[in-house]
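Survey of secondary and tertiary structure
What follows is each chain in one-letter form.
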Amino acid sequence: MQTQILEQMESEVRTYSRSFPVVLTKAQGARLTDEDGTQYIDFLAGAGTLNYGHNHPKLKQAMLEYMADDGIVHGLDMWTKAKREYLETLDELILKPRGLEYKVHLPGPTGTNAVEAAIRLARVATGRHNIVTFTNGFHGVTMGALATTGNRKFREATGGIPTQGASFLPFDGYLGEGVDTLDYFEKMLGDNSSGLDIPAAVIIETVQGEGGINPAGLDWLKRLEQICRDHDILLIIDDIQAGCGRTGKFFSFEHAGLKPDIVCNSKSLSGFGLPFAHVLMRPELDKWKPGQYNGTFRGFNLAFVTATAAMREFWSDDKLERDVARKGRIVEQRFQQLAEWLTDKGIPASERGRGLMRALDVGTGDIADKITEEAFKRGLIIETSGHDGQAVKCLCPLTISDEDLLEGLDIVEASIKHVFG
């Protein structure tokens, strides 16, 4: 396997190729193939970008037909047939059935672009600057989004330039069981000497992804929404990793019955791994002036096509939703059993998550790395997350077959038992 030119020319900033040092050539469903013909089960799925698997045939066919007909690929923010069909389908299959009315902002194609646009919109709409965010949250690495991201590793990479405009508060469970961290938030808001500037918005992941698969309690989320309403604060849900069905609902906030003011989606929005993001906003918040927030790649027509095909294929009924819930229970049960086994071995471990966004927390990054390294040797690609990389993280495609899912879980179990004898 030839990797010399890759190692020689690619920046040291690369990460995944260090953990999985093979040259991949093909992918289908939940399986990847390297140039030596070795197959791997994929529990990474583009860090949540490939919820519908690799090269889904119906999505691929829609894209190929569009390209064969010389469809518009790049059109800035001009109107195209692909954009119209995307917006029509989004409204018909996703928004109206959930009682949601949003306008759609198409920023640049990545998640951090969506977050940047959302927090800037909140400031424009409210006239306030501060954004409340939460411990262990991850919202991107451009400067505005980075200011709301907790992980010190990313924040230290600015060359010493301070990040500004955000206040961090403890996420649900951060202070331990039995402590409602929103008591602190309400106390701060009600005290003119607390030092907390009344925020333009609160930004939150309902399940923190890079932070370690930390799900906020549903009652906690409902209370957070009410606090925002009581104090005229906008609620931004960052649904970039947890959205598009990952937790079992199209939007992760559906579990709590929330109606956010602003929603950020990216990752699996295109359904095919194509870069694509949007920001959904209540119509009265659309305070943008023409061209005030733009970008060369705002609205990618190939992604419109595959996103439309994905919505029609997977969200015309509740079949996928029910299947994600079923598979999520399988992963939950296996991870709970492994957590008990590890704990009995003197390694405190726990399971957590929602839907098919789940983690096995093994306490330290060193232990988690040993498990994922062994899993890769056995044919499974799976990563870690959390403040110390201590959570072994399952982000398999939602469409994974039962056979591949169970084989992947068997590899996780075998890897753990190999590492700990």
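In short, a report on the structure. Computed from a predicted model, the values in this text were never measured in an experiment. Residue numbers restart at each chain and count upward from 1, following the sequence in its written direction. The model is predicted, so local features are restricted to residues of pLDDT at least 70 and side-chain atom pairs to those at 80 or more, both for listing and for counting; the totals for chains, interfaces and linings are taken over all residues. Hydrogen atoms and water are omitted, and side-chain values are computed over all heavy atoms in the structure.

Some points on helix H5 (residues 81-95)
In this text, helices come from DSSP runs of H or I with a minimum length of four residues, and strands from runs of E with a minimum of two, each type numbered from the N-terminal end. One less than the residue count of a helix, multiplied by 1.5 Å, gives the span that helix is expected to have. When the terminal C-alpha atoms of H5 are compared, their 20 Å separation across 15 residues agrees well with the 21 Å that a helix rising 1.5 Å per residue should span. Working rule for contacts: check all heavy atoms of both residues, and any pair within 4.5 Å makes them a contact. Residues of H5 that are buried sit in contact with helix H4 (57-68), strand E4 (103-105), strand E12 (278-281) and helix H11 (301-314).

Structural notes on the sheet that holds strand E16 (residues 383-385)
Paired strands are those between which DSSP finds at least two bridges. Overall, antiparallel pairing links the four strands, which are arranged E13-E14-E17-E16 in an open sheet. Since the sheet does not close on itself, it has two edges, and those belong to strand E13 (350-354) and E16, each with one partner. Averaged over all neighbouring strand pairs, the angle between strand axes comes to 30°, with direction disregarded. Sheet topology note: the strand E14 (residues 357-361)/strand E17 (residues 391-394) ladder contains four bridges and is antiparallel. Within E17, the residue paired with Asp361 across the bridge is Ala391. Throughout, an axis means a line fitted to C-alpha atoms (over the contacting stretch in the case of helices), and angles, computed between N-to-C directions, take values from 0 to 180 degrees. Against the sheet, helix H13 (residues 365-377) touches E16 and E17, its axis set at about 160° to E16.

Here we look at the packing of helix H12 (residues 319-344) against helix H14 (residues 402-419)
The geometry of H12 relative to H14 is characterised by a closest axis approach of 11 Å and an angle of 10° between their N-to-C directions. Classed by the angle they form, the pair H12 and H14 counts as roughly parallel. For the pair formed by H12 and H14, the contact residues are Arg326, Lys327, Ile330, Val331, Arg334, Phe335, Leu338, Trp341 and Leu342 on the first element and Asp402, Leu405, Leu406, Leu409, Asp410, Val412, Glu413, Ile416 and Lys417 on the second. Class assignment for the residues of the contact of H12 with H14 results in eleven nonpolar, no polar and seven charged. By the definition adopted for this analysis, an angle is roughly parallel if under 35 degrees, roughly antiparallel if over 145, roughly perpendicular if from 65 to 115, and oblique otherwise. Just so you know the grouping, Ala, Val, Leu, Ile, Met, Phe, Trp, Tyr, Cys and Pro go in nonpolar, Asp, Glu, Lys and Arg go in charged, and all remaining residues, Gly too, go in polar.

Here's the deal with the sheet that holds strand E3 (residues 39-42)
Spatial ordering of the open sheet is given by E1-E2-E3-E15, a layout of four strands whose pairing is mixed. Of all the strands in the sheet, the pair left with one neighbour each is strand E1 (24-28) and strand E15 (380-381). Taken together, the three bridges between strand E2 (residues 31-34) and E3 define a ladder with antiparallel strand orientation. Following the sheet pairing, Arg31 is matched in E3 by Ile41.

Regarding unusual backbone geometry
Although it is not a glycine, Ala45 adopts a positive phi angle of roughly 50°. Within the secondary structure layout, Ala45 lies in helix H3 (residues 45-48). Phi is positive for Asp232, which is not a glycine, with a value near 55°. Residue position: Asp232 is located in the loop between helix H10 (218-230) and strand E10 (234-238). Under the relative-accessibility criterion, Asp232 is labelled exposed at 54%. Under the scheme applied here, a residue whose accessible area is under 20% of the maximum for its type counts as buried, over 50% as exposed, and between as partly exposed, the area being computed with a 1.4 Å probe on protein chains only.

Some remarks on empty space enclosed by the protein
Cavities and pockets were defined on a 1 Å grid built over protein atoms only: a cavity is a set of grid points that admits a 1.4 Å probe from which the probe cannot escape, a pocket is an open set flanked by protein on both sides within 12 Å along at least five of seven lines, and lining residues are those with an atom within 4 Å of any such point. Grid points are joined across faces, edges and corners, and a volume is the space filled by probe spheres set on the points. Inspection of the entire model under this criterion finds one cavity of 30 Å³ or more. In this model, the largest cavity occupies a volume close to 30 Å³. For the largest cavity, the full set of lining residues is Tyr52, Phe250, Ser268, Leu269, Ala307, Ala310 and Met311. In terms of residue class, the lining of the largest cavity is made up of six nonpolar, one polar and no charged.

Brief notes about the packing of H4 against H11
Any two packed helices are characterised by the angle at which their axes cross and by the distance between the axes. Packing of H4 against H11 brings their axes to within 9 Å, and their N-to-C directions diverge by 145°. In terms of crossing hand, the pair formed by H4 and H11 is right-handed. Side by side, H4 and H11 meet where Lys58, Leu59, Ala62, Met63, Tyr66 and Met67 of the first sit next to Asn301, Leu302, Val305, Thr306, Ala309, Ala310, Glu313 and Phe314 of the second. Residues belonging to the contact of H4 with H11 are distributed by class as follows: ten nonpolar, two polar and two charged. Each crossing gets its hand from how the near helix is turned against the far one by less than a right angle, where anticlockwise is left-handed and clockwise is right-handed.

Some details on the pattern of salt bridges
Here, a salt bridge means any Lys or Arg side-chain nitrogen found within 4 Å of an Asp or Glu carboxyl oxygen. The full count for this structure, using the stated rule, is 29 salt bridges. A salt bridge links Lys103 to Asp286, with the shortest nitrogen-to-oxygen separation between them at 2.8 Å. Taken together, the residues Lys103 in strand E4 and Asp286 in the loop between E12 and H11 connect sequence positions 183 residues apart. Under the relative-accessibility criterion, Lys103 is labelled partly exposed at 40%. A salt bridge links Asp410 to Arg334; its shortest N-O distance comes to 2.8 Å. Highlighted residues: Asp410 in helix H14 and Arg334 in helix H12, separated in sequence by 76 residues. Its relative accessible area of 14% is what places Arg334 among the buried residues.

A closer look at a negative patch on the surface
Only residues above 30% relative accessible area that lack a salt bridge enter a patch, with like-charged residues linked at up to 9 Å and the nonpolar side chains Val, Leu, Ile, Met, Phe, Trp and Tyr linked at up to 5 Å. Areas reported as accessible are Shrake-Rupley estimates using a 1.4 Å probe. Residue values count occlusion only from the protein chains shown. Positive charges are assigned to Lys and Arg, negative charges to Asp and Glu, while His and the chain termini are left out of the count. Where a charge sits is defined by one atom per residue type, namely NZ (Lys), CZ (Arg), CG (Asp) or CD (Glu). On the surface, a cluster of negative charge is made up of Asp366, Asp369, Glu373 and Asp388. For Asp366, the location among the structural elements is in helix H13.

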